[in-house]
Amino acid sequence: MKSIVYGGVSMKKSLYFFCFIIFFLSTNLNASTFFSGNAGGKLFFQANPEKTSFEPDLTLQAYFAGQFNFSKNIWGHLEFSINTGNLISSNIFHETDSKFQIDEISLTFNSNHLTKQNYFSVFAGTFDPIGSDVFLQRYFGIDSIASNLTQNWLGLGNSVIYPLFGMGLADVMVFKNKPVALGAYLYFDHENFTNFIFNADLRFACAFRYLTWDISCGLGIPVQQQNIVDYPDLIIAIDKLYWHAGTTFLVGNKNTQSLFIQAGVFNASFKGGTTGPIFDTDDFYILFEPRFKFKDTNVNFSVFNLPPDTVDEMMFVQTTLGFNLDINVAITKTIKPLKIGINLSGGFVGQTIFNLSNIDSTFLSSMNFGISPYFTKSILSGDFHFMLSVNYMPLAQKDWYKMFGVDIGYKTSF
């Protein structure tokens, strides 16, 4: 986990201290706790794309997510993930570089009122991320509505438009007479080694039979200390404001024809002396996906513009701008359910929707196509996943052995 230092105290140390306080308190809440959760891991094998000759590359992505119920009205969440470098080396007992991340630690207090349920939480890490359907599943108890395109094996959050990341408080109200929720979040994160950012976000969500909607927006106020040296009469100095927004929208449901849309922007800002908002085009997110259902067959067509960091964590997509076609069939006549599918994707690496007005040779040379047959089989208490990916961009570069990749994974609940 990256250690960010500000004011002489590292973010990593602060997070560990925060975790200790939460679980020290929680262990005293109730002697008998109930635990549930899920975990998953995936191996991906391919030729090392950074080498000019063939060199095998085997990586691991894995996550663990658990809920500790200390009483009927108090519970905690813990989630962490790991993403390794190449596990194959000249000596298998050598250390392997990897990224370990605590995704979420939170403690939630539920109070029951006449017309609503109130959930007050203290959290560290990424909590109820925007773009994920974790919020909808937690507070409405619905099945996942996320796009198959956004699958990853680094946690429950799937694709994230912008993270509610830091340390802070959250309060969510869910109404009893209608599937509607309102949320408010106050939290601190950091822009760099010297700046704090105080964030305030509002959220609205609903989960009706044929309409599911989750929308959030927020403002970030950086507290910059370096400018105070030049202006000793100031207590704090603010030269710009950040804003972020994101939404997930589904018309229909998993049993009907439907339309799934996600859109958002992260780290946009207003600054003195500018005429409008400023944002990096790499932080713009849009996914438009009509879904068609024919008995046991699902056909999903997607058009997308995704941030590079989001694409790096995905299984089916290697381009930031493009399209995707996913066709899968559920076979339910077997003892254990089986899903067989094929995924076709195409697009442009490193390009965005804002480059479409200036298509040149550089734009066209970034074109990439891929095909990925896959299947998922229920085994024991979990799901086994296998996928073969074929990427056609390396073929144009005459590195034919870089065309192929194999994913093998398993997820389970307990």
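Residues numbered from 1 in each chain as written. Predicted model: local features only at pLDDT ≥ 70, side-chain atom pairs only at ≥ 80, totals over all residues. Heavy atoms only, no water.

1. Observations concerning the overall build of the protein
- Summing up its helical and strand segments, the protein has five helices and 20 strands in all.
- In the protein, buried positions account for 45% of the 414 residues.
- Within the protein, counting contacts between residues at least 6 apart in sequence, those at least 24 apart form 56% of the total.
- Counting only carbon and sulfur atoms, one obtains 65% of the accessible surface of the protein, whose full area is about 21500 Å². (Helix = DSSP H or I, 4+ residues; strand = E, 2+ residues; numbered from the N terminus. Buried < 20%, exposed > 50% of the residue type's maximum accessible area, 1.4 Å probe, protein only. Contact = heavy atoms within 4.5 Å. Areas by Shrake-Rupley, 256 points an atom, 1.4 Å probe, with all protein chains shown as cover.)

2. Examining the packing of aromatic side chains
- Counted according to the given criterion, the structure contains 26 aromatic pairs.
- Between W213 and F249, the aromatic rings sit 6.0 Å apart at their centres with planes inclined by 85 degrees, giving edge-to-face as the arrangement. Of the two residues, W213 sits in strand β11 (residues 211–223) while F249 sits in strand β12 (residues 240–251), which places them 36 residues apart along the sequence.
- Three or more aromatic residues joined by ring pairs make a cluster, and in this case those are F35, F64, F68, F70, F80, F100 and F414.
- Across from the ring centre of F135, 4.1 Å away, lies the NZ or CZ of R203, which sits over that ring.
- Cation over ring: R291 sits above F260, and NZ or CZ is 4.3 Å from the ring centre. (Phe/Tyr/Trp six-rings, centres within 6.5 Å; stacked < 30°, edge-to-face > 60°. Lys NZ or Arg CZ within 6 Å of the ring centre and 35° of its normal.)

3. A look at the pattern of salt bridges
- With the rule as written, the count across this model stands at six salt bridges.
- Between E104 and R138 there is a salt bridge whose closest N-O contact spans 2.9 Å. Highlighted residues: E104 in strand β6 (residues 98–112) and R138 in helix α2 (residues 134–140), separated in sequence by 34 residues.
- For E104, a relative accessible area of 4% puts it in the buried group. (Salt bridge = Lys/Arg side-chain N within 4 Å of Asp/Glu carboxyl O.)

4. Focus on the side chain of H77
- Turning to its location among the elements, H77 is positioned in strand β5 (residues 74–84).
- Judged by its relative accessible area of 11%, H77 is buried.
- A distance of 2.8 Å separates a polar atom in the side chain of H77 from a polar atom in the side chain of Q67.
- When near neighbours in sequence (up to four residues on either side) are disregarded, H77 contacts G66, Q67, E104, I105, S106 and R138. (Polar contact = N/O pair within 3.5 Å; in protein donor to acceptor, adjacent residues only side chain to side chain.)

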